[in-house]
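Here are the chains, one letter per residue:
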Amino acid sequence: MVLTDTVDRKVGAPRWTALVLLCTANFMVILDSQIVILALPSIAADLGMTTAQAQWVLSANLLTFGGLLLLGGRAADLLGRRRMFMWGTALFLGVSLLSGLAWSTEVMLAARALHGVSAALMAPAALSILTTTFPEGAQRNKALAGWSGIAGIGATAGLVIGGTLTAGLGWQWVFFVNAPVALVMLLLSPLLLPESRERRARHTYDVAGAVASTAALALVVYAVVEAPAAGWASGKTVGLFALAAALAGLFVLLERRSPAPLVPLRIFRSRTLTGGNLVTALMGMAAFGMSVTISQYAQQALGYSPLEFGLKQAVMPGMAFVGAYAGQAFVTRVGYRPVAAICAVLMGAGTFLLTQAPADGQYFRDLFVALLIFGTGLGAGTVASAAAALSRVDERDAGLASGINTAALQIGGAIGVAIVSTVIAVNATGTDPAGMTAGYQAAFGACVIFAATGLVLTLAVLSRSRQQDTVSH
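One numbering rule holds for all chains: residues counted from 1, following each sequence as written. Note on the predicted model: pLDDT of at least 70 is required for a residue's local features to be given, and 80 or more for side-chain atom pairs to be given and counted; whole-chain, interface and lining totals, by contrast, use all residues. Side-chain measures were taken over the full set of non-hydrogen atoms in the model, leaving aside hydrogen atoms and water.

Quick notes on the overall build of the protein
Only DSSP runs of H or I with at least four residues qualify as helices, and only runs of E with at least two residues qualify as strands; both kinds are numbered from the N terminus onward. Scanning the protein from terminus to terminus reveals 16 helices and 2 strands. Over its C-alpha atoms the protein spans a radius of gyration of 21 Å, differing by no more than 12% from the 23 Å that the globule rule assigns to 473 residues. Type-normalised accessible area, obtained with a 1.4 Å probe on protein chains alone, sets the label of each residue: buried when under 20%, exposed when over 50%, and partly exposed for intermediate values. Considering the protein as a whole, with its 473 residues, one finds that 56% of them fall into the buried category. Pairs at least 24 apart in sequence give 85% of the contacts found in the protein among residues at least 6 apart. For every accessible area listed, the method is Shrake-Rupley and the probe measures 1.4 Å; residues are considered covered only by the protein chains on display. Just so you have it, the protein exposes about 18,200 Å², and 68% of that area is on carbon and sulfur atoms. Asp and Glu count as negative and Lys and Arg as positive, but His and the ends of the chain are not part of the count. Charged side chains are reduced to one point each, which is NZ for Lys, CZ for Arg, CG for Asp and CD for Glu. Seen as two clouds, the 28 positive and the 20 negative side-chain charges of the protein have centres 11 Å apart. Here the globule rule reads 2.2 Å times residues to the power 0.38, and the radius of gyration is calculated from C-alpha atoms. Throughout, a contact is declared for two residues whenever any of their heavy atoms are within 4.5 Å.

Details of the environment of Ala 230
Within the secondary structure, Ala 230 sits in helix α8 (residues 207-230). Separated by 45 residues in sequence, Ala 230 and Met 185 place their C-alpha atoms 41 Å apart. Excluding its chain neighbours within four sequence positions, the residues that come into contact with Ala 230 are Lys 236 and Thr 237.

With respect to a nonpolar patch on the surface
Together, Val 184, Leu 188 and Leu 191 line one region of the surface with nonpolar side chains, adding up to about 260 Å² of accessible area. Structurally, Leu 188 can be placed in helix α7 (residues 178-192). Residue class for Leu 188 comes out partly exposed when judged on its relative accessible area of 32%. The patches described consist of residues with a relative accessible area above 30% and no salt bridge, like charges being joined within 9 Å and nonpolar side chains (Val, Leu, Ile, Met, Phe, Trp, Tyr) within 5 Å. Between Lys or Arg on one side and Asp or Glu on the other, a salt bridge is scored when a side-chain nitrogen of the former is within 4 Å of a carboxyl oxygen of the latter.

Notes on the packing of helix α10 (residues 271-301) against helix α14 (residues 363-390)
Here an axis means a line fitted to C-alpha atoms, over the contact stretch when the element is a helix, while the angle between two N-to-C directions is reported on a 0 to 180 degree scale. Following both chains from N to C, one finds α10 and α14 inclined at 155 degrees, their axes separated by 9 Å at the closest point. Judged by the angle between their axes, α10 and α14 are roughly antiparallel. Crossing geometry of α10 relative to α14 is assigned as left-handed. Across the interface between the two elements, Thr 272, Leu 273, Gly 276, Asn 277, Val 279, Thr 280, Met 283, Ala 286, Ala 287, Met 290, Ile 294 and Tyr 297 of α10 pack against Leu 367, Leu 371, Phe 374, Leu 378, Gly 381, Thr 382, Ser 385, Ala 386, Ala 388 and Ala 389 of α14. Partitioning the contact of α10 with α14 into residue classes produces 15 nonpolar, 7 polar and no charged. Reported orientations rely on four angle classes, namely roughly parallel under 35 degrees, roughly antiparallel over 145, roughly perpendicular from 65 to 115, and oblique for the rest. Left-handed describes a crossing whose near helix is turned anticlockwise from the far helix through less than a right angle; right-handed describes the clockwise counterpart. Three classes are used, and their members are as follows: Ala, Val, Leu, Ile, Met, Phe, Trp, Tyr, Cys and Pro are nonpolar, Asp, Glu, Lys and Arg are charged, and the others, Gly among them, are polar.

Regarding the side chain of Thr 293
Note that Thr 293 resides in helix α10. Distance and chemistry together define a polar contact, namely a pair of N or O atoms within 3.5 Å, with one atom able to donate a hydrogen and the other to accept it when in protein, and with adjacent residues in sequence counting only for side-chain atoms on both sides. Engagement of the side chain of Thr 293 in a polar contact is seen with the backbone oxygen of Gly 289, the distance being 2.8 Å. When residues no more than four places from it in sequence are discounted, the contact partners of Thr 293 are Val 420, Ile 424, Tyr 440, Ala 443 and Phe 444.

Details of unusual backbone geometry
In the Ramachandran plot, Arg 392 falls in the positive-phi region, its phi being about 55 degrees despite a non-glycine side chain. Mapped onto the fold, Arg 392 is located in the loop between α14 and α15 (398-427).

A closer look at the packing of aromatic side chains
Working definition: a ring pair exists when centres of Phe, Tyr or Trp rings (six-membered ring for Trp) sit within 6.5 Å. Plane angles under 30 degrees give stacked, over 60 give edge-to-face, the rest tilted. Within this structure, the stated rule accounts for 11 aromatic pairs. Each ring, one from Trp 232 and one from Phe 241, has its centre 6.5 Å from the other, and the planes form 10 degrees; the classification is stacked. The exposure class assigned to Trp 232 is partly exposed, which follows from its relative accessible area of 32%. For Phe 241, a relative accessible area of 29% puts it in the partly exposed group. An aromatic cluster of at least three residues, connected via ring pairs, comprises Tyr 297, Tyr 440 and Phe 444. Either the NZ atom of lysine or the CZ atom of arginine qualifies as a charge over a ring when it sits within 6 Å of the ring centre and within 35 degrees of the ring normal. The aromatic ring of Phe 134 is capped on one face by Arg 15, whose charged end is 5.9 Å from the ring centroid.

Regarding α14
Here a helix's expected span is defined as the number of its residues, less one, multiplied by 1.5 Å. When the terminal C-alpha atoms of α14 are compared, their 38 Å separation across 28 residues agrees well with the 40 Å that a helix rising 1.5 Å per residue should span. Within α14, 21 of the 28 residues are buried, which leaves it mostly tucked inside the rest of the structure.

Some details on the nonpolar core
Formed by 108 residues in total, the largest nonpolar core has its most connected members in Leu 130, Leu 144, Met 290, Ile 294, Leu 367, Leu 371 and Phe 450. Take this core: its biggest share by element is 13 residues, from α14. Apart from residues lying up to four places away in sequence, Leu 371 is in contact with Met 290, Ile 294, Lys 312, Gln 313, Val 315, Met 316 and Tyr 363. By size, the runner-up hydrophobic cluster in this structure holds 17 residues, among which are Val 36, Ala 44, Met 49 and Trp 171. Throughout this description, the term nonpolar core refers to a set of buried Ala, Val, Leu, Ile, Met, Phe, Trp, Tyr and Cys residues connected via side-chain atoms within 4.5 Å.

Digging into helix α9 (residues 235-257)
Its 23 residues give α9 an end-to-end C-alpha distance of 33 Å, which sits within 8% of 33 Å, the value for a rise of 1.5 Å per residue. Residues of α9 that are buried in the fold lie against α8.

Considering the confidence of the model for the protein
The predicted coordinates ought not to be read in detail in places where the model reports low pLDDT. Note on scores: pLDDT gives the predictor's confidence for each residue, bounded by 0 and 100. With 91% of its residues at a pLDDT of 70 or more, the protein has an overall mean of 84. Per-residue pLDDT, averaged within each element of the protein, yields its smallest value for strand β1 (residues 3-8) (43) and its largest for helix α13 (residues 336-354) (95). Every residue in residues 1-13 is under pLDDT 50, and counting partners more than four places away or in other chains gives 36 contacts. Note on residues 465-473: pLDDT under 50 across the span, and 22 contacts to partners over four residues away in sequence or across chains.

Some points on the pattern of salt bridges
As enumerated under the stated definition, the model contains 7 salt bridges in all. The closest approach of N and O atoms between Asp 32 and Arg 112, which form a salt bridge, is 2.7 Å. In this pair, Asp 32 is assigned in helix α1 (residues 15-47) and Arg 112 in helix α4 (residues 105-133), connecting sequence segments 80 residues apart. Its relative accessible area of 0% is what places Asp 32 among the buried residues. A salt bridge links Arg 266 to Asp 397; the nearest nitrogen and oxygen atoms lie 2.6 Å apart.

Right under this line is the structure:
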């Protein structure tokens, strides 16, 4: 079977203009996932949701997003990266309107599940367009810095905007605000983005592999979401993980035998791809776990309002943006391993400082420096790990590699959140600020372990070689 890649290079817009559009898409995906959090109590009250149903407003989105990332990335390779990006954007536009207009719990949950589908199409397609548009080296590292930095800004903006819109206009507007941005992205995509795809001599699709991989990933996400309530050692949790492992084994068997595998297993021969994604998953565990813990600590122990917390913790994504741009320069000069290692140390140091935060903590004394250090490490570290995961990847596999990298971050983040939620519940000694703070301190300690494990993986798995590409600005 002959494989060739074709890229439509007849795009007059500078590639850096295309990057703005791609980063906007990443911003919107992250923004939407965060903006819903502060609106959730109002949504639940208006639609008459139970506590369990309200949680599924978040979980339904995470389940379909995490489960379909590999399929979305491979579809971009086979059907066209720009085409899949536009399909995802169109679906994102539609489900944002549907979410805002939702008149029942069932409609809301269906819309949030479909939103995960749209994100699973948009995110890997956008990242693969970035990797095929910018050559490996200095240019790609700068592009990845923008991609990673804007994600942190989106996370903070979601917390601030979500509270403001919910209080001022109603929860419906946390969804409606997506529509005009998505419409503009949809209109500009044909003008700014190149089209590329893998052309196969035989148009055969791995349906069985797609079903097995999607089911396995979805089960992992579901098990992680349910574990804090059901218990990590419960029959339900163990059974879900066992079933996911069985489906993963079936998936590997199917890929070995398929003439056109969804995930060619040769891609995992790359040490940088495998190592980069493992490090990405650990950084996701530390980042998501720390964010959830400090949000609860600041609001429940220190008494911050959601808006006040969103503004005060903005130093972290701000420094993540700065760290991303500083990190890309160092990745180009010295390679991704030393940068990722230093960043794991910074993330560990930041969370270690937070383990000392007392029940009557003060912002500048107990939080500011920790957020500054952690944010710097997070920004540069995600650029380094993504650069490693996407380096030396054949262009025909760009969408798949992007899907794997996005899945590593999201599933790592889901695992991190589930673990810290369990740690908080187990270690909290009461419902007063002092009792709750004991749980939060333990959860910050878990994040230190995540960062330390990321450091070990970085040193053990990532390539020692210095990145040689010296493409000029």
